[in-house]
Amino acid sequence: TELVRCENVARTYGKGVDAVVAVHGITCSLEPGAQVAVTGPSGSGKSTLLHLLAGLDRPTAGQVSWPALDDEPHGRIGLIFQGPSLLPPLDVLENVALPLLVAGRTETDTRAAATRALRDVGIGSLARKLPEELSGGQAQRVAVARVLAAAPRLILADEPTGQLDSAMAGHVIDLLVEAAVRLDAALLVSTHDLLITERISRHWEMHDGTLRKDAPCSR
Ligand code: ADP
Ligand code: ADP
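Residues numbered from 1 in each chain as written. Chains lettered and ligands numbered in written order. Predicted model: local features only at pLDDT ≥ 70, side-chain atom pairs only at ≥ 80, totals over all residues. Heavy atoms only, no water.

1. Points about the overall build of the protein chain
Next up, step 1: Looking only at helices and strands, the protein chain has six helices and nine strands in total.
Next up, step 2: Here the C-alpha radius of gyration of the protein chain, 17 Å, is about what a compact globule of 219 residues would show, namely 17 Å.
Next up, step 3: Its C-alpha atoms give the protein chain principal-axis dimensions of roughly 50 × 40 × 35 Å.
Next up, step 4: Buried positions account for 47% of the 219 residues belonging to the protein chain.
Next up, step 5: Sequence-distant contacts, at least 24 apart, represent 71% of the contacts inside the protein chain between residues at least 6 apart.
Next up, step 6: Summing over all exposed atoms, the protein chain offers an accessible surface of approximately 10600 Å²; the carbon and sulfur share of this is 50%.
Next up, step 7: Each charge sign in the protein chain was given a centre, from 21 positive and 26 negative side chains, and these centres are 3 Å apart. (Helix = DSSP H or I, 4+ residues; strand = E, 2+ residues; numbered from the N terminus. Rg over C-alpha atoms; globule rule 2.2 N^0.38 Å. Buried < 20%, exposed > 50% of the residue type's maximum accessible area, 1.4 Å probe, protein only. Contact = heavy atoms within 4.5 Å. Areas by Shrake-Rupley, 256 points an atom, 1.4 Å probe, with all protein chains shown as cover. Lys, Arg positive; Asp, Glu negative; His and termini not counted. Charge placed at Lys NZ, Arg CZ, Asp CG, Glu CD.)

2. Examining helix H1 (residues 46–54)
Next up, step 1: Among the nine residues that make up H1, seven are buried, leaving the element largely enclosed by the rest of the structure.
Next up, step 2: Inspection of H1 places Lys 46, Thr 48, Leu 49, Leu 50, Leu 52, Leu 53 and Ala 54 among the buried residues, and these make up the whole buried set.
Next up, step 3: Just downstream of H1 lies Gly 55, where phi reads positive at about 75 degrees.

3. Quick notes on the environment of Pro 59
Next up, step 1: Within the secondary structure layout, Pro 59 lies in the loop between H1 and strand E4 (61–65).
Next up, step 2: Its relative accessible area of 24% is what places Pro 59 among the partly exposed residues.
Next up, step 3: Residues Pro 59 and Leu 134 lie 75 residues apart in sequence; the distance between their C-alpha atoms is 37 Å.
Next up, step 4: For Pro 59, the contacting residues outside a window of four places in its chain are Val 9, Ala 10, Leu 52 and Val 64.

4. Quick notes on the nonpolar core
Next up, step 1: Ranked by size, the top nonpolar core spans 40 residues in total, and within it Leu 118, Ile 155 and Leu 176 carry the most contacts.
Next up, step 2: Breaking this core down by element, the ones donating at least two residues are helix H2 (92–102), helix H3 (107–120), helix H4 (136–149), strand E6 (154–158), helix H5 (166–183) and strand E7 (186–190).
Next up, step 3: With eight residues, the top contributor of residues to this core is H5.
Next up, step 4: For Leu 176, the contacting residues outside a window of four places in its chain are Ile 80, Val 144, Ile 155, Ala 157, Pro 160 and Leu 187.
Next up, step 5: Grouped together as the second largest cluster of nonpolar side chains are 27 residues, Val 36, Leu 52, Val 64 and Leu 69 included. (Core = buried A, V, L, I, M, F, W, Y, C linked by side-chain atoms within 4.5 Å.)

See the structure below:
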């Protein structure tokens, strides 16, 4: 069953003469195990597409559904963004634990899941550091651990490596791909980096708000 499905989806911002068609005519779906890199120029609609797939935004036409998630996407979708997204007053372990506590998991269970997720991304030793003490690559690995701790079925990452050097970017992408395989999740990553599209099996391209699926690989 598909984790997410878009049928002839459009999203327009504003009304009348000021209306901007951010995306239109989007039909796509992601099954468990799917790995997709989405590329396209700035303004082509990548962020809008991710927000729609995450259920953070609603289409102005067409339908987005999450058949395998009983159309209850919340809690089963992991989101990763480009910039710093950690809460400064909380240490690394607390940052990873917070969404699990909010979701109602017990403290014991949460501590185990958070500790394990940090170890899985290779930063178990940073558990008691504050975000301000981390490098950009370390902070982004914490953001990855925070998503993985919740065992999502759909992982959506919006230019997650935009602020990292290429070695760390490759490492973060490898962590996401490995985790998606382990969780039997679908992974969709938007990126400007062609080295990253090479690490991900499928390639979609956005252009002026439309989606071209299975664009040629850039190798
Ligand atoms: P990116 O190109 O990395 O997606 P942008 O700088 O285009 O980022 O957009 C950053 C944020 O601003 C996004 O949340 C987007 O929805 C919003 N945004 C983009 N363009 C506009 C606009 N013309 N008016 C208002 N908000 C916008
Ligand atoms: P990308 O992520 O590829 O840079 P976006 O999805 O951010 O593209 O933007 C697609 C188009 O929609 C752009 O023309 C952008 O300016 C516009 N847009 C995005 N968010 C908003 C917003 N909140 N209000 C108005 N226009 C927006």
